[in-house]
Structures are given as C-alpha cells and as structure tokens.
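Now for the letters of each chain:
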Amino acid sequence: MPTIVITGAAQGIGLATAHLFVSRNWRVIGLDANEELLAKASRQGGFEPIVCDLADPRQIEKAALSIPSLTVLVNNAAVSANTDPKSLLLDEWNRVLSINLTAPFLLSRLLADKLDSAKGAIVNIASTRALMSEPHTEAYSASKGGIISLTHALAMSLAPIRVNAISPGWIEHVAPESLRETDHAFHPCGRVGRVEDIAEMVWYLASEAAGFITGENFVIDGGVTKKMLYPE
Ligand SMILES: NC(=O)c1ccc[n+]([C@@H]2O[C@H](COP(=O)([O-])OP(=O)(O)OC[C@H]3O[C@@H](n4cnc5c(N)ncnc54)[C@H](O)[C@@H]3O)[C@@H](O)[C@H]2O)c1
C-alpha cells in the first residue's frame, strides 16, 4: 500500500489531504504538534498520528526514524507572525523560519532514502505570499519564498524523486460562513478556495500522471495573482 506522510495534519489543508488519501486507500501518517487535535483528527480520519513539534530538530529526527518507508512526503505545517518588522523579535523570526523552512529541509533529507525511488515525490506547501505581500508579513513571506527555492534545489539533488510546490491563495476553512459575497466575487474563479482544492493538487502531483513534473511551483488561487488591479 502506498504511504503518504503529511505534516500539520491535525486541521485545515493537511487534514483534508489526509482524508483524501485515506479515502483513496493510501496509508496516511500525519504529524502535528497539537497532540489533542491530532489524536481526534487521526481517530476520526483513520490515519496514523505522530506527535512532533517541527520547531525541534530532535523531534523531527525521532519522527523520521519511526517511519520505515514512504511514497510521498507533504511538508504542509506552517505558522505566521504578523508583526511590524521594526518590532518583530528575532526569536519570532527564527521560529517561523524553523517550522516553515528548516523543518521541510530536515524532513526531506532524513526521509530521502526511505522514499520510493521509482514513485517517490515531495510536495511542499508554499503560499502566494511568496510572490506578493501585505505589510508586516516578512517572516512568513520569506519562509514561503525560501520553500519555493528549496523545492527546485531538492528536485535536482534528490532526482529522480520529484519535488514540487503548491502556492495556495486564500483557502478558507476556519470560518467559511463568515465569507462575504465580495470575498468570492474578488476571485476570477468566482469563489474563495477550499481545502479540497489543494488536497486534489497534492493528489495529482503525487500521481504518476505528474511523472514528468519536478522542481515546479503551482499557484492555486482562483486567479487572484493574475488579476491586474488599478486604483478606483
Ligand atoms: N489557508 C490559507 O489560506 C493558506 C494560504 C496560503 C498558504 N497556506 C499554507 O498551507 C499550509 C496549511 O495551511 P492551513 O491554513 O491548513 O493551516 P492551519 O493553521 O489550519 O494548520 C496548520 C497545522 O500545522 C500545525 N503546526 C503548526 N506548528 C507546528 C509545529 N511546530 N509542529 C508541527 N505542526 C505544527 C498546526 O497544529 C496545524 O494543525 C501552510 O503551509 C500554510 O502556510 C494556507
């Protein structure tokens, strides 16, 4: 049975990806730092939990050691720190970079030799914030820009394992009921994104149908980054 390892699997995009792969008969191993949420999600979703704080390289190593083999790794977990760069603490900057960028690097190299050499793939979840910004998002944006570069570098170093990135735009899963009509209409596709939009792209990139694709970043944002904006 093919096996997928997903970080940040306790909720959101990671959980939706876990559900999708379980429903298509994959063995799913979900990592997360939130022990309670992960226990509940894995019980309900039918996947195997590993509690792991990705800010801690020793916990990452321990988790990687406990995984015997895999077909696909999804580096999905991330945090943000929305603070004015003039007051952002160096500790906050380092925490965001360590979870969002260093952990995917560490997990990828620790698991590289355990990835299926014929069908193996890594999917890194970046963000459209790697390409465009609001004020006070330096640490998050830098980490997401970094993961896109890490993606094409690893695609060369770990070949023939395929390594790709997905850059989601606005994906609402916390409070979809609070979305306004204008939020949907802002998107050329006519709606705000759903977690399943990203999970399906992970499915595609993990599949043999994507066997000639590596080192790429795929923007899944309903067209927002392609929209030309002028002042009113
Ligand atoms: N939701 C969006 O609109 C959106 C947009 C662009 C990019 N993304 C990216 O998609 C990915 C998932 O986003 P989401 O909205 O589902 O996030 P989320 O915050 O809902 O879930 C993230 C998960 O990661 C886990 N996590 C956080 N810190 C961790 C740590 N130190 N160790 C282990 N696990 C940890 C959390 O417990 C949580 O379960 C992230 O990489 C995010 O940057 C999301």
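Our structure's up above, just so we're on the same page.
In what follows, the accompanying structure is described. (Residues numbered from 1 in each chain as written. Predicted model: local features only at pLDDT ≥ 70, side-chain atom pairs only at ≥ 80, totals over all residues.)

A look at the site of the ligand
For the ligand, the set of nearby residues contains 23 residues, the closest of which are Gly 8, Gly 12, Ala 33, Leu 54 and Ala 78. A total of three residues in the shell around the ligand trace back to one element, the largest contributor, which is helix H1 (residues 12-23). Residue classes in the shell around the ligand are distributed as 14 nonpolar, seven polar and two charged. (Near = placed C-beta within 6 Å. Helix = DSSP H or I, 4+ residues; strand = E, 2+ residues; numbered from the N terminus. Nonpolar A, V, L, I, M, F, W, Y, C, P; charged D, E, K, R; others polar.)

Things to note about the sheet that holds strand S3 (residues 48-51)
Taken in spatial order, the seven strands make up an open sheet running S3-S2-S1-S4-S5-S6-S7, and their pairing is parallel. In this open sheet, the two strands that pair with only one neighbour each are S3 and strand S7 (217-220). Neighbour to neighbour, the strand axes of the sheet diverge by 20° on average, direction disregarded. Note: strand S6 (residues 162-168) against S7, four bridges, orientation parallel. Considered in S7, the bridge of Pro 168 is made with Ile 220. (Pairing = 2+ DSSP bridges. Axes fitted to C-alpha atoms, helices over the stretch in contact; angles between N-to-C directions.)

Points about helix H2 (residues 35-45)
Inspection of H2 places Leu 38, Ala 41 and Ser 42 among the buried residues, and these make up the whole buried set. The arc enclosing the buried residues of H2, seen along the axis, measures out at 95°, which places them on a common side. Exposed side chains of H2 directed beyond 90 degrees from the buried face belong to Glu 36, Arg 43 and Gln 44. In the core, the buried residues of H2 are packed alongside H1, strand S2 (27-32) and S3. (Buried ≥ 20, exposed ≤ 12 C-beta atoms within 10 Å, placed from the backbone. Arc of directions from axis to C-beta. Contact = placed C-beta atoms within 7 Å.)

Some remarks on the packing of helix H3 (residues 57-65) against helix H4 (residues 90-111)
Running from amino to carboxyl end, H3 crosses H4 at an angle of 30°, the nearest separation of the two axes being 10 Å. Taken together, the axis directions place H3 and H4 in an arrangement best described as roughly parallel. The handedness of the crossing between H3 and H4 comes out as right-handed. Across the interface between the two elements, Pro 57, Ile 60, Glu 61 and Ala 64 from H3 touch Ala 103, Leu 106, Leu 107, Leu 110 and Leu 111 from H4. (Parallel < 35°, antiparallel > 145°, perpendicular 65-115°, else oblique. Left-handed = near helix turned anticlockwise from the far one by under 90°.)

Side note on the environment of Leu 37
With respect to the element layout, Leu 37 can be found in helix H2. You can call Leu 37 partly exposed: it has 15 C-beta atoms within 10 Å. Separated by 84 residues in sequence, Leu 37 and Ala 121 place their C-alpha atoms 27 Å apart. Residue contacts for Leu 37: discarding those within four places in its chain leaves Ala 10, Gln 11 and Asp 32.

Observations regarding the pairing of strand S4 (residues 72-75)
Because side chains alternate across S4, one face comprises the buried residues Val 72 and Val 74, and the other comprises Leu 73 and Asn 75, equally buried. Bridge count between strand S1 (residues 3-7) and S4: three bridges; the pairing is parallel. Each residue of the ladder has a partner; that of Val 5, found in S4, is Leu 73. As paired elements, S4 and strand S5 (residues 121-125) share four bridges and run parallel to each other. Each bridged residue has a counterpart across the sheet, and for Val 72 the counterpart in S5 is Ala 121. Handedness of the crossover joining S4 and S5 through H4: right-handed. (Right-handed = clockwise from strand over helix to strand, strands pointing away.)

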